[in-house]
Amino acid sequence: MSAKHSYKSAAKSDPLTGLAGREDAAARLGEWLGQGEKVHALLIGLRRFDALNLAYGTSAGDAVLGEVAQRLKHFAADELEGAWLTARSGGDEFLLLATEPCSRERWQLAAGQVLDLLAKPIPTAWGTMRLSPRGALLRGIEGDSAATVLDRLGQALHQAMGQAARRLVWADGEATRSGLSAAQLEGDLLQALDKGEIEVVYQPQFSCRDDRLTGAEALARWNHPTLGRIGAGALFAIAERADHVAQLSQHIARLALKGAKGWPMDLRLSLNVTPNDLASPDFAAGFARLVKQTKFEPWRLTLEVTEQVLLADVAHASQTLAELAKQGMRIALDDFGAGFCNFRYLKLLPLHYLKLDRSMIEGVAGDARDLAVLRAILAMAGALELKVIAEGVETEAQRALAASEGCEFYQGFLRAQPMGAAAFLELARG
Ligand code: C2E
Ligand code: CA
Ligand code: CA
């Protein structure tokens, strides 16, 4: 899922994070409410931020705020449909606004995911930082003014910041829905596997040279009976809390491999592998067994790993991947350019593809410095004989740029959204 019309503010944006500023956000909120939109809002405060600033200095604090902004923006882009806006509304306060029509439960779930994401360790030059975020939620409706909504959120956040136990409060005074507690969702997840509520969708990948379909990336969705469709980010966060990542990964891999069995032979299947999967000592053997059982040709498989894999045990991860590569599977380094880009990893891992994060090509067409960085990365990929996939290609200009700069493949909403198995098969048989 993604926002097709995210609101990007040029003026008055916050120079440190590049997000909209408070006034900007208020103006946009006012506009939306005036148009009769239902606006879901989440105001986020960062507990412990002052202490971190004091202990490590403001440069460290700024780095952390920058990372918070990135995570927030990526969450919105990945999980929200319809228009949204991310803003830094105060020193250590952030605001997420969304016009997505969704239930109260759904917004609460999304907000919980945002807080989980921001609570994850933040690696910086000063060491790894941890935040303890709090949030206030509200649904603004026609007739509310932007000022009222922001005031109510501010007051509720103030209350949440003082509480150790509750991370989220509704600013309209209603209690957070206990029926949807984290524990309940975690319980639901195990059953979901058995009940067939987990679906694999496939996002087509194309060749830059001739626009030929080359394969697809499998992406997971949870069709929850009461909450509706839950995206991959939220799904994996729930699985992580419940310690069910391994089971979920295996379930998805099996579904995806089965689904891809009828594809024309020249199409590849890409599967995402979590750091959690790779850390398990018997992952290589178990995964190879699964591939064998489903009779999918290993040489048609690409495993996508992220740099996070490497934060844990590089030697083990690279050994596991090498074992799978020996059987013909290909390894892609995913989200390249989104994180730290530690180039050392490129030498340590047995890699075949580099998958450029969508932020790498987003604004490149109009920015000489971004273009220089992209070219340097492509030159390096070339030197290491890595094929490059451009991800998140949304415009023709981005596709043309990726092609002319030497990316071999691309994937993105410009050509195709993730789709169900049947729709993909239809496309493949063209
Ligand atoms: P990812 O591996 O980087 O997957 C690509 C994400 O970008 C997908 O989001 C996809 O829908 C989205 N996307 C594709 N094209 C565009 C575009 O043109 N514009 C924008 N804005 N977004 C685009 P999705 O499916 O929500 O997945 C989010 C993340 O969740 C994935 O990021 C991946 O890290 C994880 N994930 C998804 N499915 C699985 C899975 O089956 N297993 C594992 N381990 N992780 C998964
Ligand atoms: Ca991926
Ligand atoms: Ca990616």
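None of the values given here were measured: they were computed from a predicted structure.

Reading the values: the criteria
- Residues numbered from 1 in each chain as written.
- Chains lettered and ligands numbered in written order.
- Predicted model: local features only at pLDDT ≥ 70, side-chain atom pairs only at ≥ 80, totals over all residues.
- Heavy atoms only, no water.
- Donors = N, O, S within 2.8 Å, 3.2 Å for Na, K, Ca; no water.
- Helix = DSSP H or I, 4+ residues; strand = E, 2+ residues; numbered from the N terminus.
- Buried < 20%, exposed > 50% of the residue type's maximum accessible area, 1.4 Å probe, protein only.
- Contact = heavy atoms within 4.5 Å.
- Core = buried A, V, L, I, M, F, W, Y, C linked by side-chain atoms within 4.5 Å.
- Near = heavy atom within 4 Å.
- Polar contact = N/O pair within 3.5 Å; in protein donor to acceptor, adjacent residues only side chain to side chain.
- Areas by Shrake-Rupley, 256 points an atom, 1.4 Å probe, with all protein chains shown as cover.
- Disulfide = S-S within 2.5 Å.
- pLDDT = per-residue confidence, 0-100.
- Domains from an automatic or database assignment.
- Buried area = accessible area lost by both parts, 1.4 Å probe.
- Salt bridge = Lys/Arg side-chain N within 4 Å of Asp/Glu carboxyl O.
- Pairing = 2+ DSSP bridges.
- Right-handed = clockwise from strand over helix to strand, strands pointing away.

So, on to the coordination of the calcium ion (ligand 3). Protein-derived coordination of the calcium ion (ligand 3) comes from D334 (OD), D335 (OD), E391 (OE) and E391 (OE), at a distance range of 2.1 to 2.7 Å. Each donor residue of the calcium ion (ligand 3) lies on one chain, and together they are spaced D-D-x55-E. In this structure, the calcium ion (ligand 3) lies 4.1 Å from the calcium ion (ligand 2), and both are coordinated by D334. On the criterion of sequence distance, the pair formed by D334 in strand β13 (residues 330-336) and E391 in strand β15 (residues 387-391) is long-range, its members being 57 residues apart.

One can find Q113 in helix α4 (residues 104-119). In this structure Q113 comes out as buried when scored by relative accessible area, which is 5%. In this structure Q113 touches F75, A234, A237 and I238, once residues within four positions along its chain are discounted.

Right, let's talk about the nonpolar core for a bit. Within the largest apolar cluster, 79 residues are counted, with the highest numbers of intra-cluster contacts made by L269, L271, F287 and L354. Setting aside its immediate chain neighbours within four residues, F287 contacts A253, L271, L301, L303, L324 and M329. If you look at the next biggest cluster of nonpolar residues, it comprises 33 residues, including C102, A110, I122 and M129.

The next thing to look at is the coordination of the calcium ion (ligand 2). Every protein donor of the calcium ion (ligand 2) is accounted for by E217 (OE), N272 (OD1), E304 (OE) and D334 (OD), and the metal-donor separations fall at 2.1 to 2.3 Å. When the donors of the calcium ion (ligand 2) are listed by position in the chain, the intervening gaps give E-x54-N-x31-E-x29-D. Classification of E217 as buried rests on a relative accessible area of 3%. What makes N272 partly exposed here is its relative accessible area of 35%.

Moving on: the site of ligand 1. Lining the immediate surroundings of ligand 1 are 22 residues, of which Q203, R221, D334, E394 and F413 lie closest. At 2.8 Å, a backbone N or O of F413 approaches an oxygen atom of ligand 1. The protein chains hide 91% of the 790 Å² of surface that ligand 1 would expose on its own. Elements with a minimum of two residues in the shell around ligand 1: β9 (213-224), α7 (232-242) and β13. Looking at the shell around ligand 1, the element that brings in the most residues is β9, giving four residues.

So, on to the state of the cysteines. Should the sulfur atoms of two cysteines be covalently bonded, the bond is a disulfide. All told, the structure shown has zero disulfides when counted by the stated rule. This cysteine, C407, is not joined by any disulfide, and C208 carries the nearest cysteine sulfur, 5.6 Å off. On the basis of relative accessibility, which here comes to 6%, the residue C407 falls in the buried class.

For the rest of this paragraph, the subject is the side chain of Q398. Note that Q398 resides in helix α16 (residues 396-405). Engagement of the side chain of Q398 in a polar contact is seen with the backbone oxygen of E362, the distance being 3.3 Å. Excluding its chain neighbours within four sequence positions, the residues that come into contact with Q398 are I361, E362, G392 and V393.

For the rest of this paragraph, the subject is the confidence of the model for the protein. Here the protein averages 89 in pLDDT, and 94% of its residues register 70 or above. For the stretch residues 1-11, pLDDT sits under 50, and the model shows 31 contacts to residues farther than four places along the chain or on other chains.

It is worth spelling out the domain arrangement of the protein at this point. Taken domain by domain, the protein holds domain 1 (20-170) and domain 2 (182-429). Here domain 1 and domain 2 have C-alpha centroids that lie 28 Å from each other. Contacts between the two partners involve 12 residues from domain 1 and, on the opposite side, 15 residues from domain 2. In total, about 1100 Å² of surface goes out of reach between domain 1 and domain 2, with carbon and sulfur atoms giving 52% of it. Three residues, R106, L109 and Q113, lead the burial of domain 1 against domain 2; their summed loss comes to 40% of the area buried on that side. At the junction of domain 1 and domain 2, the tally comes to three salt bridges. Between E240 and K120 there is a salt bridge, with the nearest N and O atoms lying 3.9 Å from each other.

For the rest of this paragraph, the subject is the pairing of strand β14 (residues 353-356). Here β14 shows a buried face lined by Y353 and K355 and a second buried face lined by L354 and L356. Relative to β15, β14 runs parallel, the two sharing four bridges. Paired with L356 across the bridge in β15 is A390.

Glancing now at the pairing of β15. The element β15 is largely enclosed, with a buried count of four among its five residues. Bridge count between β15 and strand β16 (residues 409-411): three bridges; the pairing is parallel. The residue of β16 that forms the bridge with E391 is Q411. As a crossover connection, the stretch from β15 through α16 into β16 is right-handed.

Tallied over the entire structure, the rule returns 19 salt bridges. The salt bridge partner of D211 is R415, with a shortest N-O separation of 3.2 Å. Residue D211 is found in the loop between β8 (198-207) and β9, and its partner R415 is found in the loop between β16 and α17 (421-429); the two are separated by 204 residues along the sequence. For D211, a relative accessible area of 32% corresponds to the partly exposed category. A relative accessible area of 37% places R415 in the partly exposed class. For K355, the salt bridge goes to E304, with nearest N and O atoms at 2.8 Å. Taken together, the residues K355 in strand β14 and E304 in strand β12 (residues 301-305) connect sequence positions 51 residues apart. For the residue pair K355 and E304, the accessibility class agrees, reading buried in each case. Salt bridges sharing partners connect three or more residues here, namely D116, R167, E186 and R241.

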